[in-house]
Amino acid sequence: MTQSWVKPFYRKQFEWMNQELDMNDAYNELASIVKEQVGRPFNKMLDIGAGRGDVAKKLAESGVEMTTLELVPELVTFAREHSNGRVKSHCGDFYTFELTETFDVVSYFDGFGIGSDEDQLRLLNRIRDWMKEDGCALIDIYQPRYWQQVDGQEMTVDDARRVYRYDEHTHRMLDSWWHADHPEEKVTQSLRCYSLDEISDLCEQASLRIVGIFPGGGMDFEEWRYHECVALYKCLSYRVKVKKIG
């Protein structure tokens with residue numbers, strides 16, 4: 001089940017961030033990383049939680065037949081207006097939207113963990129259904145140790161203020177944003193963090209097995225410097241590559 005905070009959070013995040021910033025090189029690099037992690041040529045890919053569709057657009061420009069699924073209408077509209085018709089962009093809920101196609105690759109970047117463990121399992125089962133028999137999925141998982149360490153950290157992002165929290169009881173990262181002129185409009189993202197063992201167990205319940213692990217980056221707040229790739233225990237999130245069991 002999609003949580004009530006989801007649309008307001010991503011809508012405000014989109015509103016407060018600088019949409020004119022030139023990120024072309026960065027998105028080209030992210031698309032190249034996706035291809036490298038998949039590890040073989042592929043034709044059809046589904047990206048869920050695709051946001052503005054930037055990575056999908058770059059993959060489509062390289063010849064991949066791209067489909068995206070995103071909940072927030074404003075983000076879908078932006079994606080459609082900037083993809084030059086290369087990407088099939090759907091607006092809908094991951095848990096209810098019907099897709100009859102199957103794909104060589106299914107991805108969920110930067111957002112897995114909405115809702116309960118049961119919700120995550122339900123989504124993993126849907127991801128499995130969307131995968132071809134020899135396909136794979138790439139999923140970003142928030143790493144609990146990092147979020148424990150950055151609990152209470154505040155920062156500024158474009159027009160917004162931001163603070164990180166970590167709930168030890170529920171194992172969730174809490175990422176709150178607000179506009180400096182309107183603190184009463186604070187919105188908070190809440191995502192379940194999983195250790196590698198925990199996400200492995202959850203994947204197995206969905207008849208998926210992890211075949212690749214790719215640690216992401218992490219912010220060094222003492223030096224105020226972001227490191228693009230760090231050890232698994234230091235990263236903000238890590239990516240798992242999964243395939244069907246059997």
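Okay, so let's go over this structure.

Conventions used here
- Residues numbered from 1 in each chain as written.
- Predicted model: local features only at pLDDT ≥ 70, side-chain atom pairs only at ≥ 80, totals over all residues.
- Heavy atoms only, no water.
- Helix = DSSP H or I, 4+ residues; strand = E, 2+ residues; numbered from the N terminus.
- Buried < 20%, exposed > 50% of the residue type's maximum accessible area, 1.4 Å probe, protein only.
- Contact = heavy atoms within 4.5 Å.
- Areas by Shrake-Rupley, 256 points an atom, 1.4 Å probe, with all protein chains shown as cover.
- Lys, Arg positive; Asp, Glu negative; His and termini not counted.
- Charge placed at Lys NZ, Arg CZ, Asp CG, Glu CD.
- Polar contact = N/O pair within 3.5 Å; in protein donor to acceptor, adjacent residues only side chain to side chain.
- Salt bridge = Lys/Arg side-chain N within 4 Å of Asp/Glu carboxyl O.
- Pairing = 2+ DSSP bridges.
- Axes fitted to C-alpha atoms, helices over the stretch in contact; angles between N-to-C directions.
- Disulfide = S-S within 2.5 Å.

## Focus on the overall build of the protein chain
- Each helix and strand in the protein chain was counted, giving 7 helices and 13 strands.
- With the C-alpha coordinates aligned to their principal axes, the bounding extent of the protein chain is approximately 50 × 40 × 35 Å.
- Counting all 246 residues of the protein chain, 50% fall into the buried class.
- Sequence separation of at least 24 residues holds for 63% of the intrachain contacts in the protein chain that already meet a minimum separation of 6.
- Accessible surface, the protein chain as shown: approximately 12,100 Å² in total, 46% of it carbon and sulfur.
- Distance between charge centroids for the protein chain: 5 Å, based on 30 positive and 43 negative side chains.

## Structural notes on the side chain of Asp140
- When you line up the elements, Asp140 lands in strand β5 (residues 131-142).
- Of the residues examined, Asp140 reaches a relative accessible area of 8% and is grouped as buried.
- Here Asp110 takes part through its backbone nitrogen, which lies 3.1 Å from a polar atom of the side chain of Asp140.
- A distance of 2.6 Å separates a polar atom in the side chain of Asp140 from a polar atom in the side chain of Arg239.

## Looking at the pattern of salt bridges
- As enumerated under the stated definition, the model contains 15 salt bridges in all.
- Residue Lys88 is joined to Glu101 by a salt bridge in which the shortest nitrogen-to-oxygen separation is 3.5 Å. With a gap of 13 residues between them, Lys88 in strand β3 (residues 87-91) and Glu101 in the loop between β3 and β4 (103-108) connect regions that are remote in the sequence.
- Judged by relative accessible area, Lys88 falls into the partly exposed class, the value being 40%.
- With relative accessibility at 21%, the residue Glu101 sits in the partly exposed group.
- Put simply, Arg162 and Asp175 hold a salt bridge, and the shortest N to O gap is 2.8 Å. Remark: Asp175 occurs in strand β8 (residues 172-179) and Arg162 occurs in strand β7 (residues 160-167); sequence separation between them is 13 residues.
- For Asp175, a relative accessible area of 1% puts it in the buried group.
- Salt bridges here are not isolated pairs; linked through shared partners, they connect Lys12, Glu15 and Glu185.

## Description of the sheet that holds strand β6 (residues 154-157)
- Taken together, 4 strands build an open sheet; the order of strands is β6-β7-β8-β9 and the sheet is antiparallel. At either margin of the open sheet sits one strand with a lone partner, and together these are β6 and β9 (182-192). Neighbouring strand axes in the sheet, compared pairwise and without regard to direction, differ in orientation by 25° on average.
- Sheet topology places β8 next to β9; 7 bridges connect them, and they run antiparallel. Looking at β9, one finds that Leu174 is bridged to Ser190.

## Focus: the environment of Asn24
- Here Asn24 lies in helix α2 (residues 24-38).
- Given a relative accessible area of 34%, Asn24 falls into the partly exposed group.
- Here the alpha-carbon distance between Asn24 and Lys58, two residues 34 residues apart in the chain, equals 8.8 Å.

## Some details on the side chain of Ser89
- Note that Ser89 resides in strand β3.
- Judged by relative accessible area, which is 10%, Ser89 ranks as buried.
- If we ignore the near neighbours within four places in the chain, the residues touching Ser89 are Thr68, Val76, Ala79 and Arg80.

## Here's the deal with the state of the cysteines
- Applying the stated rule across the entire model yields 0 disulfides.
- Cysteine Cys136 remains unbridged, with the sulfur of Cys203 as its closest cysteine sulfur at 13 Å.
- There is no disulfide at Cys229, and the cysteine sulfur nearest it, in Cys235, is 8.3 Å away.
- Cys229 sits in the exposed class, given a relative accessible area of 60%.

Interpretation note: all reported values are geometric properties and have no functional meaning in isolation.
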